[in-house]
Amino acid sequence: MSDAQGVRTLAARELELIRTEFAFPLRERIVTNNAASTQPPLALFALLRDVSETYENVHRGQSDASIRTTEMFEASFDTIATWINAPSRRTLSMHRSTTEAINSVMYSLMADFRDGDNVVTTLMEHNSNYVPWHALCREILPRFGRSVQCRLARFDHETGELDLAHLASLVDERTKLVCCTGGSNFLGTKPPLDAVRAIASASGYRRPDGTRGSLLLVDAAQRFASSRVDVEALDADFLAFSFHKLLAPFGVGILYAKESLRESMPPFLYGGDMIAEGQVYPDRVEYNELPWKFSAGTPNILGVIASAQALRLLVDLVGADPGRAWFRTDDALAPEAVDEAMSTVAAHAGFLTQRAMEGLSAIDGLHVYGPPLGAERTPLVAFNVRGHSPFDIARALNAQGVESRAGCHCATLAHHELGIEPAASCRVSFTVYNTREDVDLAVAAVRRAVASPEAFRQAPPADVLRDPAPLA
Ligand code: PLP
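Conventions adopted
Residues numbered from 1 in each chain as written. Predicted model: local features only at pLDDT ≥ 70, side-chain atom pairs only at ≥ 80, totals over all residues. Heavy atoms only, no water. Helix = DSSP H or I, 4+ residues; strand = E, 2+ residues; numbered from the N terminus. Rg over C-alpha atoms; globule rule 2.2 N^0.38 Å. Buried < 20%, exposed > 50% of the residue type's maximum accessible area, 1.4 Å probe, protein only. Contact = heavy atoms within 4.5 Å. Areas by Shrake-Rupley, 256 points an atom, 1.4 Å probe, with all protein chains shown as cover. Lys, Arg positive; Asp, Glu negative; His and termini not counted. Charge placed at Lys NZ, Arg CZ, Asp CG, Glu CD. Domains from an automatic or database assignment. Buried area = accessible area lost by both parts, 1.4 Å probe. Salt bridge = Lys/Arg side-chain N within 4 Å of Asp/Glu carboxyl O. Polar contact = N/O pair within 3.5 Å; in protein donor to acceptor, adjacent residues only side chain to side chain. Near = heavy atom within 4 Å. Nonpolar A, V, L, I, M, F, W, Y, C, P; charged D, E, K, R; others polar. Core = buried A, V, L, I, M, F, W, Y, C linked by side-chain atoms within 4.5 Å. Axes fitted to C-alpha atoms, helices over the stretch in contact; angles between N-to-C directions. Parallel < 35°, antiparallel > 145°, perpendicular 65-115°, else oblique. Left-handed = near helix turned anticlockwise from the far one by under 90°.

Chemist: If you had to explain the overall build of the protein to someone new, which residues and values would you point to?
Modeler: Scanning the protein from terminus to terminus reveals 16 helices and 15 strands. Its C-alpha atoms give the protein a radius of gyration of 23 Å, near enough to 23 Å, the size a compact globule of 472 residues would have. Dimensions of the protein, computed from C-alpha atoms along their principal axes, come out at roughly 70 × 55 × 45 Å. Sorting the 472 residues of the protein into buried and exposed places 56% on the buried side. Across the protein, every contact between residues at least 6 apart in sequence was considered, and the portion connecting residues at least 24 apart equals 68%. Carbon and sulfur atoms form 52% of the exposed surface of the protein, whose accessible area is close to 19,900 Å². Counting 45 positive and 58 negative side-chain charges, the protein places the centres of these two groups 4 Å from one another.

Chemist: Give me the domain arrangement of the protein: which residues, what numbers.
Modeler: Domain parsing of the protein yields domain 1 (12-40 + 336-466) and domain 2 (64-306). Here the C-alpha centre of domain 2 lies 29 Å away from the C-alpha centre of domain 1. At the interface, 35 residues of domain 1 touch 34 residues of domain 2. Together domain 1 and domain 2 conceal approximately 3,000 Å² of surface at their shared face, both sides included; 62% is due to carbon and sulfur atoms. Taken together, the links from domain 1 to domain 2 amount to two salt bridges. One salt bridge connects Asp339 with Arg228, and the closest N-O pair in it is separated by 2.6 Å. Here domain 1 and domain 2 share 19 residue pairs in polar contact (both at pLDDT 80 or more) between them. Within the residue set of the side of domain 1 that touches domain 2, elements represented by two or more residues are helix H12 (335-361), strand E12 (380-385), helix H14 (412-417) and strand E15 (425-429).

Chemist: Now, about the side chain of Lys293: what can you tell me, with residues and values included?
Modeler: Within the fold, Lys293 resides in the loop between strand E10 (284-287) and helix H11 (301-318). Buried and unpaired, Lys293 has Glu263 as its nearest opposite-charge partner, separated by 5.6 Å. Reaching out from Lys293, the side chain makes a polar contact with the backbone oxygen of Met265 at a distance of 2.8 Å. Apart from the residues lying within four places of it in its own chain, the contact partners of Lys293 are Arg262, Glu263, Ser264, Met265, Pro267, Met274, Tyr287 and Asn288.

Chemist: Just give me the short version of the site of the ligand, but keep the residues and values in it.
Modeler: Surveying the vicinity of the ligand reveals 13 residues, the closest of which are Thr99, Asp219, Gln222, Ser242 and Lys245. Thr98 has a polar backbone atom sitting 3.3 Å from an oxygen atom of the ligand. Here an oxygen atom of the ligand and a side-chain polar atom of His244 are 2.8 Å apart. Considered on its own, the ligand offers 380 Å² of accessible surface; in the complex 89% of this is hidden by protein. Along the lines of polarity and charge, the residues of the shell around the ligand split into one nonpolar, ten polar and two charged.

Chemist: Give me the lowdown on the nonpolar core, citing residues and values where you can.
Modeler: Judged by nonpolar contacts, the single largest core of 85 residues is most densely connected at Trp83 and Leu239. Here this core gathers at least three residues from each of two domains, domain 1 (12-40 + 336-466) and domain 2 (64-306). If we skip the residues at most four places from it in the chain, Leu239 touches Val218, Ala220, Val229, Val231, Leu234, Ile254, Leu255 and Tyr256. Membership of the second largest hydrophobic core comes to 26 residues, among which are Val105, Met106, Phe238 and Leu261.

Chemist: Before we move on, could you go through the pattern of salt bridges and cite the residues and values that matter?
Modeler: Tallying each qualifying case throughout the model produces 25 salt bridges. Its salt-bridge partner being Asp330, residue Arg68 comes within 3.5 Å of it at the nearest N-O pair. Here the residue Arg68 occupies a position in helix H3 (residues 64-83), and Asp330 occupies one in the loop between H11 and H12, the gap between them amounting to 262 residues. The class for Arg68 is partly exposed, based on a relative accessible area of 32%. A relative accessible area of 34% places Asp330 in the partly exposed class. When salt bridges with common partners are traced through the structure, they connect Arg197, Asp235, Asp237 and Lys258 into a single cluster.

Chemist: How would you summarise the environment of Ile393 if you had to cite specific residues and measurements?
Modeler: Structurally, the position occupied by Ile393 is in helix H13 (residues 390-399). For Ile393, a relative accessible area of 2% gives the class buried. In this structure the C-alpha to C-alpha distance between Ile393 and Ala86, which are 307 residues apart in sequence, comes to 42 Å. Discounting residues that sit within four places of it in the chain, Ile393 has contacts with Phe383, Val385, His388, Cys426 and Val450.

Chemist: Explain the packing of H11 against H12 residue by residue, including any values.
Modeler: In a pair of packed helices, the angle between the axes and the distance between the axes together describe the arrangement. Where H11 contacts H12, the two axes come as close as 9 Å, and the packing angle between them is 70°. Taken as axis vectors, H11 and H12 run roughly perpendicular relative to one another. Remark: the crossing between H11 and H12 carries left-handed chirality. The residues of H12 that touch H11, namely those facing Leu314, Val315 and Val318, are Ala337, Ala341, Met342, Thr344 and Val345. Tallied by class, the residues present in the contact of H11 with H12 amount to seven nonpolar, one polar and no charged.

Here it is, written out as structure tokens:
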């Protein structure tokens, strides 16, 4: 099936088949907290079990097992590079999370900040893309006698749009770095990154290599999970994301950095495997070639393999070509297959999000934050209902089997900026395996939670941890 724009959409039967790949439907869980983390397909655990038969460290052995594990590990870098249209694996480093990936930029660039420089970020960032810059400017650099400002661009309170004029007014010839979310995990806003790039490039900042312009770091944690990310098209200098938001198990985040930066930047961590073989002396250390210069210590080998294979499995699950299997192979992934898969995910999750917005907005006293109905947004809806605690609503949803999230979602600055007191909202969020029934059940559950809050105050949570229903 295709929509009016020719994007492949998922038919009900296809969605049913996709859901058989996961454990949660058997437990009758209505998983609508996907902006936090998605559910992993069962096939990934089967893969890990099989990989464990040749379990070995990478780059640290001559056994067949070590060589095979190294091949799978390295091929994972290639899969991930293709996924984000990076020129090669040399641009990638593996981390525990988006948070660690962004912190690694902070630590690698730290010594380069000159007295009087500034960093510009926005009020809609996840704390991962604000607190490191706050700490750098307020806590770390002052200890070295350097004064660097952290500046925050505003957003429109009604539409959630990034205020580009304000951003431009903050960026100047002392702006070393502009940090911007690719998609807000609270408002759902997807800032126009081409405009942000243009503002950063035009700053006039003099880089150590003599070229001009500010660096651009994109926090793509939400954007990567819901649409195709193309680092070449974005012309991002740095881009960070985590795999636990796109079907993989927890524990792997990625930092993409332009190769020229990778060459010139000091490593983030120092130790084993990031040094050139044999090149360590009392007075001199030579670093390994890229990308291993940024891979100190034994990495999360199984996590990286599972993450790359999760991408391949996703293409198989939503791809138009049932005869082509990418999962469990190291074949060079076709960029068109990635495009198609992520367009399908975006169209599907986007449709569900609009449906949720329509349903929720019709509830009396309910206010949805961020872009209005019909505008592009990441597949999540955060809201508050007048006179109701978002935590009570989330608990009432849980009692009805609907998994949501209440809190500030680590978008604390944006909650404060909107004057939300306490700084919290309730959020539902969608991905490839959600159905329109999930959305309707979630909306109906919110409606009931608001209509009779007392009914849920005492209610025990839905018992999703019981033994699941047997497979039909
Ligand atoms: N940035 C955004 C926009 C996010 O939504 C999240 C997670 O929710 C993060 C950063 C942090 O990701 P992680 O927990 O993988 O470090």
